[in-house]
Amino acid sequence: MPQDIAELQAELARLRLENHKLQRINGALIERVESGVTRGNDPYAAFQHSVVLAEQVRERTDALNQAMAELKASNHLLINARLRAETLRGEQAAAQKAQESERWIRLITDNVPALIGYLNAELVYEFTNKVYEEWYCWPRGVMLGQSLREVHSEQHYQRLEA
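Bear in mind the structure is a predicted one, so any value in this text is a computation, not a measurement.

Visitor: Even after reading the chapter, I still don't get unusual backbone geometry, so can you show me in this structure?
Guide: Peptide bonds are trans in most cases, and residues, glycine excluded, mostly fall at negative phi. Of note, Leu123 is a non-glycine position whose phi angle comes to about 60 degrees, a positive value. By secondary structure assignment, the location of Leu123 is in the loop between strand E1 (117-119) and strand E2 (125-128). Backbone geometry places Cys137, a non-glycine residue, at a positive phi of 60 degrees. In this fold, Cys137 is placed in the loop between helix H3 (130-135) and helix H4 (148-151).

Right, here's the structure in full:
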């Protein structure tokens, strides 16, 4: 029996040593898994790392694509606004030029010693000079937009139409 006890004690010491060794290996493996650090050429760790990188690339690509779409939409709005502004400036310049031209024509025609009037196809006054309005004793611009028949008496209208 004493030999059995000695053998059992030796077996117990060997098992304790092996248990201690396995606990150290287990601790090292847990630490490696938790830290994500691998030693050497671990294919699984490289695969895991590539999956993480691929996901990061996908997320950043999605964010960049969204930012690009927003920039394109903003750019489209800015281009349209610029075109509208240029069109408006062109229209304003044309309107200003037309007003200047009209002022110039009015200045000239108002100082010509003749009756000058323009009637459209429906015989509606569209232009009269100062002498024309003074001759018929009408205030400035009142004749414009009125027909020849409305402005003059029937007898005068008949003479002008002939």
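After presenting the structure, the write-up continues.
Visitor: Got a minute to help me understand a nonpolar patch on the surface in this structure?
Guide: On the surface, Trp104, Ile105, Leu107, Ile108 and Val112 cluster together into a nonpolar patch covering about 470 Å² of accessible area. Position of Val112 among the secondary structure elements: in the loop between helix H2 (43-110) and E1.

Visitor: Before we go on, may I ask you to explain H2 in this structure?
Guide: It helps to recall that an α-helix has 3.6 residues per turn; residues three or four apart then point in one direction. Taking 1.5 Å per residue as the helical rise, H2 with its 68 residues ought to reach 100 Å, and the 98 Å between its terminal C-alpha atoms agrees with that figure. All of the buried residues in H2 are Ala45, Arg106, Thr109 and Asp110.

Visitor: Would you explain the side chain of Glu133 in this entry?
Guide: Take Glu133: it is sitting in helix H3. Residue class for Glu133 comes out buried when judged on its relative accessible area of 3%. Excluding anything up to four places from it in sequence, Glu133 contacts Thr128, Trp138, Pro139, Arg140, Gly141 and Met143.

Visitor: Can you help me understand the side chain of Thr109 in this one?
Guide: Summarising the element assignment, Thr109 is placed in helix H2. For Thr109, the side chain forms a polar contact with the main-chain oxygen of Arg106, separated by 3.3 Å. The residues contacting Thr109, other than those within four sequence positions of it, are Ile116, Phe127 and Asn129.

Visitor: Is there a simple way to think about the nonpolar core in this case?
Guide: The nonpolar side chains of soluble globular proteins are, as a tendency, buried together. Core analysis: the biggest nonpolar cluster contains 7 residues, these being Tyr125, Tyr132, Tyr136, Met143, Leu148, Val151 and Tyr157. Ignoring any residue separated from it by four or fewer positions in sequence, one finds Tyr157 in contact with Leu123, Leu148, Arg149 and His152.

Visitor: What's the story with the pairing of E2 in this structure? I'm lost.
Guide: Every regular strand shows the same layout, with side chains that alternate between the two sheet faces. One ladder, built from 3 bridges, connects E1 with E2; its direction is antiparallel. When the bridges of E2 are listed, Leu119 appears paired with Tyr125. Taking the residues that link successive antiparallel strands as the turn, the E1-E2 hairpin has 5 residues, and the phi of Leu123 there is positive, at about 60 degrees.

Visitor: What am I meant to see in the packing of aromatic side chains here?
Guide: Remark: the centre distance and the inter-plane angle together describe each pair of aromatic rings, the angle taken between the planes. Going through the model one piece at a time under the given rule, you end up with 2 aromatic pairs. A ring pair is formed by Tyr125 and Tyr132, whose centres lie 5.7 Å apart and whose planes are at 65 degrees; its orientation type is edge-to-face. Summarising the aromatic geometry, the rings of Tyr132 and Tyr136 are spaced 5.1 Å apart at their centres and angled 50 degrees between planes, so their arrangement reads as tilted. Tyr136 shares its class with Tyr132; the two are buried. An aromatic cluster is defined as three or more aromatic residues linked by ring pairs; in this entry it consists of Tyr125, Tyr132 and Tyr136.

Visitor: Explain the pattern of salt bridges here, please?
Guide: When charged atoms on two side chains of opposite charge get close, those side chains can pair. If you walk through the whole model with that rule in mind, you get 9 salt bridges. The salt bridge partner of Arg82 is Glu86, with a shortest N-O separation of 3.2 Å. Taken together, the positions of Arg82 and Glu86, both in helix H2 and 4 residues apart, correspond to about one turn of that helix. The exposure class of Arg82 is partly exposed, given its relative accessible area of 45%. What makes Glu86 partly exposed here is its relative accessible area of 38%. Put simply, Asp110 and Arg106 hold a salt bridge, and the shortest N to O gap is 3.8 Å. Taken together, the residues Asp110 and Arg106, both in helix H2 and 4 residues apart, mark about one turn of the helix. Assigned by exposure class, Asp110 and Arg106 land together as buried. Salt bridges here are not isolated pairs; linked through shared partners, they connect Arg106, Asp110, Glu133 and Arg140.

Each value, and the rule that gives it
Residues numbered from 1 in each chain as written. Predicted model: local features only at pLDDT ≥ 70, side-chain atom pairs only at ≥ 80, totals over all residues. Heavy atoms only, no water. Helix = DSSP H or I, 4+ residues; strand = E, 2+ residues; numbered from the N terminus. Patch = residues over 30% accessible without salt bridge, like charges linked within 9 Å, V, L, I, M, F, W, Y side chains within 5 Å. Areas by Shrake-Rupley, 256 points an atom, 1.4 Å probe, with all protein chains shown as cover. Salt bridge = Lys/Arg side-chain N within 4 Å of Asp/Glu carboxyl O. Expected span 1.5 Å × (residues − 1). Buried < 20%, exposed > 50% of the residue type's maximum accessible area, 1.4 Å probe, protein only. Contact = heavy atoms within 4.5 Å. Polar contact = N/O pair within 3.5 Å; in protein donor to acceptor, adjacent residues only side chain to side chain. Core = buried A, V, L, I, M, F, W, Y, C linked by side-chain atoms within 4.5 Å. Pairing = 2+ DSSP bridges. Phe/Tyr/Trp six-rings, centres within 6.5 Å; stacked < 30°, edge-to-face > 60°.

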